[in-house]
Amino acid sequence: MAFTLPALPYAHEALEPYIDSMTMQIHHGKHHQAYVDNLNKAIAGTANENKSLEELVKHAGSISPAVRNNGGGHWNHSFFWEILAPKAGGAPSGSVADAINAAFGSFDTLKEKLNAAGVGRFGSGWAWLIVKDGKLEVSSTPNQDNPLMDIAEVKGSPILGVDVWEHAYYLKYQNRRADYLGAFWNLVNWKKVAEHFANATK
Ligand code: MN
């Protein structure tokens, strides 16, 4: 069964002014679509053809680079679109906020750490907030790897993530990755983050 591109849960222009419409059109319609297409090509006629995306990602260390990169790309972007929302952002509340305070001391410290992980990722990759052994941690992965992969340096369940590939921000922010990361916090869909947190800690 072939993988398909999930529809964006909002309009391309809905994340303005923090992420521009053109970036969303290209990022979702071209980049994410290409990961889906290339993943389907890479698994066609192989033993991986009928595996779930989660199954492929979990065994990234023993699948081909094409399946690892494009499967990771498909998983990461499907996750990312739902972490973003229009009229979102602000401070978290409830048990996620409690866990953030317990792990980092404050929400501001989490922001600093995640922004630093994103800015410090040389080349392309992702910064993550993960649940690891029941606790929150910030991590970062190169390329289209993610913390669910067996080959990840820091393994855990992502509850929030941000794409720091240039294609995610270059049209609006050019080389200013830190400004893009600063703007990202205005779009965080804390309801979705809370769902991921509940699943990762139950
Ligand atoms: Mn991307």
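Every value quoted in this text rests on a predicted model; they were computed, and no experiment measured them.

**A look at the pattern of salt bridges**
Under the criterion given, the structure shown has six salt bridges. For Glu 82, the salt bridge is made with Lys 192, and the minimal N-O distance between the two is 3.4 Å. Residue Glu 82 is found in helix H3 (residues 65-83), and its partner Lys 192 is found in helix H8 (residues 190-201); the two are separated by 110 residues along the sequence. For Glu 82, a relative accessible area of 34% translates into the label partly exposed. With relative accessibility at 17%, the residue Lys 192 sits in the buried group. Between Arg 176 and Asp 179 there is a salt bridge, with its nearest N and O atoms 3.2 Å apart.

**A closer look at the environment of Ser 21**
Structurally, Ser 21 is set in helix H1 (residues 21-43). A C-alpha to C-alpha distance of 8.4 Å links Ser 21 and Ala 11, two positions 10 residues apart in sequence.

**Examining the sheet that holds strand S2 (residues 135-142)**
Pairing in this open sheet of three strands is antiparallel, and the strands run S2-S1-S3 from one edge to the other. Sheet topology places S2 and strand S3 (157-163) at the edges, where each strand pairs with a single neighbour. Averaged over all pairs of adjacent strands, the angle between their axes in this sheet comes to 20°, without regard to strand direction. Pairing of strand S1 (residues 125-132) with S3, which is carried by six bridges, proceeds in the antiparallel orientation. Counterpart to Trp 126 in the pairing with S3 is Asp 163. With respect to the sheet, H3 is in contact with S1 and S3, its orientation differing from that of S3 by roughly 85°.

**Topic: the packing of helix H4 (residues 94-104) against helix H5 (residues 107-120)**
Axes are the key here: two packed helices are described by the angle between their axes and the distance separating the axes. H5 packs onto H4 with a crossing angle of 70° between their chain directions and a minimal axis gap of 8 Å. The angle between the axes of H4 and H5 places the two elements in the roughly perpendicular class. Along the contact surface, H4 presents Ile 100, Asn 101 and Phe 104, while H5 presents Phe 107, Thr 109, Leu 110 and Lys 113.

**Looking at the coordination of the manganese ion**
Summarising the metal site, the manganese ion is bound by the protein donors His 27 (NE2), His 77 (NE2), Asp 163 (OD) and His 167 (NE2), whose distances to it range over 2.0 to 2.1 Å. On the primary sequence, the residues serving as donors to the manganese ion are separated as H-x49-H-x85-D-x3-H. With His 27 in helix H1 and His 167 in the loop between S3 and helix H6 (170-173), this pair connects stretches of sequence that are 140 residues apart. His 167 carries the same exposure label as His 27, and that label is buried.

**Side note on the packing of H5 against helix H7 (residues 177-184)**
Axis separation between H5 and H7 bottoms out at 10 Å; the angle between their running directions is 145°. The element H5 and its partner H7 pack so that their crossing is right-handed. Contacts from Leu 114, Asn 115, Gly 118 and Val 119 in H5 reach Arg 177, Ala 178, Leu 181 and Phe 184 in H7. Taken together, the residues that form the contact of H5 with H7 break down as five nonpolar, two polar and one charged.

About the criteria used
- Residues numbered from 1 in each chain as written.
- Predicted model: local features only at pLDDT ≥ 70, side-chain atom pairs only at ≥ 80, totals over all residues.
- Heavy atoms only, no water.
- Salt bridge = Lys/Arg side-chain N within 4 Å of Asp/Glu carboxyl O.
- Helix = DSSP H or I, 4+ residues; strand = E, 2+ residues; numbered from the N terminus.
- Buried < 20%, exposed > 50% of the residue type's maximum accessible area, 1.4 Å probe, protein only.
- Pairing = 2+ DSSP bridges.
- Axes fitted to C-alpha atoms, helices over the stretch in contact; angles between N-to-C directions.
- Contact = heavy atoms within 4.5 Å.
- Parallel < 35°, antiparallel > 145°, perpendicular 65-115°, else oblique.
- Donors = N, O, S within 2.8 Å, 3.2 Å for Na, K, Ca; no water.
- Left-handed = near helix turned anticlockwise from the far one by under 90°.
- Nonpolar A, V, L, I, M, F, W, Y, C, P; charged D, E, K, R; others polar.

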